[in-house]
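# Chains, contacts and geometry: an overview
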Amino acid sequence: MKNTPINSEIVDKILKEIGLKQIGKASIREIKRLINWIEEESGEKFIRMEMGIPGLPAPKIAIEAEKAALDAGVAALYPDLDGLPILKKEIARFIFNYLNVEVAPLCCIPTVGSINAAYAIFMVVGRMNPKKDTVLFIDPGFPVHKQLVKMLGLKQENFDVYNHRGRKLKEKLESCLEKGNISTILYSNPNNPSWICFTAEELKIIGELATKYDVVVAEDLAYFAMDFRQDLSKPGVPPFQPTVASYTKNFVLLISASKAFSYAGQRIAMLAVSDLLFGLEQKGLLNYYSYSSVGHCLVHGTIYSTTAGPSHSAQYGIAALLKAINDGTYDFVKEIREYGERAKIVKKMFLDNGFRIVYDTDIDQPIADGFYFTIYYPGYTGEYLLKELLYYGISAISLSITGSERAEGLRACVSLIQRNQFEMLEERLQCFHENHPN
Ligand SMILES: Cc1ncc(COP(=O)(O)O)c(C=O)c1O
């Protein structure tokens, strides 16, 4: 038996007791539970790379504004369904300042996290036209979105974009859209899990085809402005966060506050719907709602009956934060740049110890350093690698649950790794490499 940082008997015993049939198919939360258990029994801390939790403190501006709102008594009152007017105004300003796209404040709606925004979009856009009953995922992607579509009884298709980058995307995407069954295309950019970032050429292809085939693009910007290869930090000054909204009017933008603003605990995000789509009347919606306008079905139909919007105080918190960002007095990108710096160091440690990056380029540029990166170890399956890394106190998730065709790969998240853990990570990776020479 090889000498490993975590007692292998404990790992084997827990793997047996927890009853996961295939660790490669385990959800992120199942892996989290498994690691918690091993940590508890072994007394050893893991290098936690499985879950995308913000590892930075929440901005004081937002917390203070929330406190002030609570002191002023907002906890007793329902917020407006479509959001506080000052928040809606600041969201529209933010979208203009950082994406160079105009969306009316009316069409900017706060939601309970971006997951609720995605739910509302699938629910409404997925029901506008009975012939368009399928959501297309440009993968790899966030597994929860696929779960939502399944729960809603909608169909889904997907393709891994790995072999369809650049100009090649057009042919692949068009082959999916020309069948006429797609209502919505969803992808995240920067991408969770692979951290690929679509180029302007690719976004233009997606936008133009969405217009041609009358499909709505749901662009998930959960990692807003986190392609640190460019300076996206200045309000109203190019370069802007690249977006499909520059190329089509059939868009919705899902902007989570969880990662970009380190505000995951307060469950708030921004949903921006193009003015055209918000005002669109679709008869198909009358089968599910009392009205046929997309905007009305989103706010008064879906958001009302699922969550009735995020908490009143969180809306005040984000409104104050956005105001400071829009006024140029708070640089949110500077705060989160730390993830890119951690990724650069950690990625090198993996590469120095025999690992390779799965999604390694944006066509002709090396992939950016950010929240996630993807790894494989030549000669091993993802399933085997994920399990084997447990003995070395390193946790990740398998790419096979993300719609990736690269089953050998794992996703590693840098957000929770502290700088004082770098030495331990390096030692563990060296030990892994010695025990698995390649
Ligand atoms: C791509 C993507 N979309 C959405 C979410 C969820 O965001 P929220 O916390 O705002 O619901 C995540 C969280 O990990 C994500 O990675």
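Residues numbered from 1 in each chain as written. Predicted model: local features only at pLDDT ≥ 70, side-chain atom pairs only at ≥ 80, totals over all residues.

## Overview of the packing of helix α12 (residues 332-352) against helix α14 (residues 422-435)
This is how the line gets drawn: In this analysis an axis means a line fitted to C-alpha atoms, helices contributing only their contacting stretch, and an angle means the value between N-to-C directions, from 0 to 180 degrees. Helix numbering and strand numbering both begin at the N terminus, where a helix is a DSSP run of H or I of at least 4 residues and a strand a DSSP run of E of at least 2. When describing relative orientation, an angle under 35 degrees is termed roughly parallel and one over 145 degrees roughly antiparallel, while 65 to 115 degrees is termed roughly perpendicular and anything else oblique. Crossings are sorted by hand: turned counterclockwise from the far helix by less than a right angle, the near helix makes the crossing left-handed, and turned clockwise it makes it right-handed. In this description, any two residues whose backbone-derived C-beta atoms lie within 7 Å of each other are considered to be in contact. Under the scheme applied here, ten amino acids are nonpolar (Ala, Val, Leu, Ile, Met, Phe, Trp, Tyr, Cys and Pro), four are charged (Asp, Glu, Lys and Arg), and all others, including Gly, are polar.
Between α12 and α14, the least distance of the axes is 9 Å, while the angle of their chain directions is 15 degrees. It follows from the interaxial angle that α12 and α14 lie roughly parallel. In the crossing of α12 with α14, the sense of the turn from one axis to the other is right-handed. Packed against α12, whose contacting residues are Ile345, Val346, Met349 and Phe350, the element α14 presents Phe422, Leu425, Glu426 and Leu429 at the interface. Broken down by class, the residue content of the contact of α12 with α14 amounts to seven nonpolar, no polar and one charged.

## Topic: the site of the ligand
Operational definition: In this text, near has one meaning. A residue is near a molecule or strand if its C-beta atom, placed using the backbone, is within 6 Å of it.
The environment of the ligand is formed by 13 residues, the closest being Gly113, Ser114, Ala222, Ser256 and Ser258. Ranked by the residues each element gives to the shell around the ligand, the list is headed by helix α5 (residues 113-125), at three residues. In terms of residue class, the shell around the ligand is made up of five nonpolar, seven polar and one charged.

## Points about the packing of helix α1 (residues 8-18) against helix α2 (residues 28-42)
Helix-helix packing is characterised by the crossing angle of the two axes and by the distance between the axes. Contact geometry for α1 and α2: axes closest at 10 Å, N-to-C directions at 135 degrees. Judged by the angle between their axes, α1 and α2 are oblique. Handedness of the α1/α2 crossing: right-handed. Residues Ile10, Val11, Ile14 and Ile18 of α1 form the contact with α2, whose own contacting residues are Leu34, Trp37, Ile38, Glu41 and Ser42. A class-by-class count of the residues in the contact of α1 with α2 yields seven nonpolar, one polar and one charged.

## Here's the deal with the domain arrangement of the chain
Heads up, the condition is: Where each domain begins and ends is defined by an automated method or by a domain database.
Domain annotation for the chain reports domain 1 (8-56 + 333-435) and domain 2 (60-326). With centres defined by C-alpha atoms, the gap from domain 1 to domain 2 works out at 28 Å. With 30 residues of domain 1 in contact, the opposing surface of domain 2 contributes 31 residues. Mapped by element, the contributors of at least two residues to the side of domain 1 that touches domain 2 are α12 and β12 (372-376). Here the element with the most residues in the side of domain 1 that touches domain 2 is α12; it accounts for six residues.

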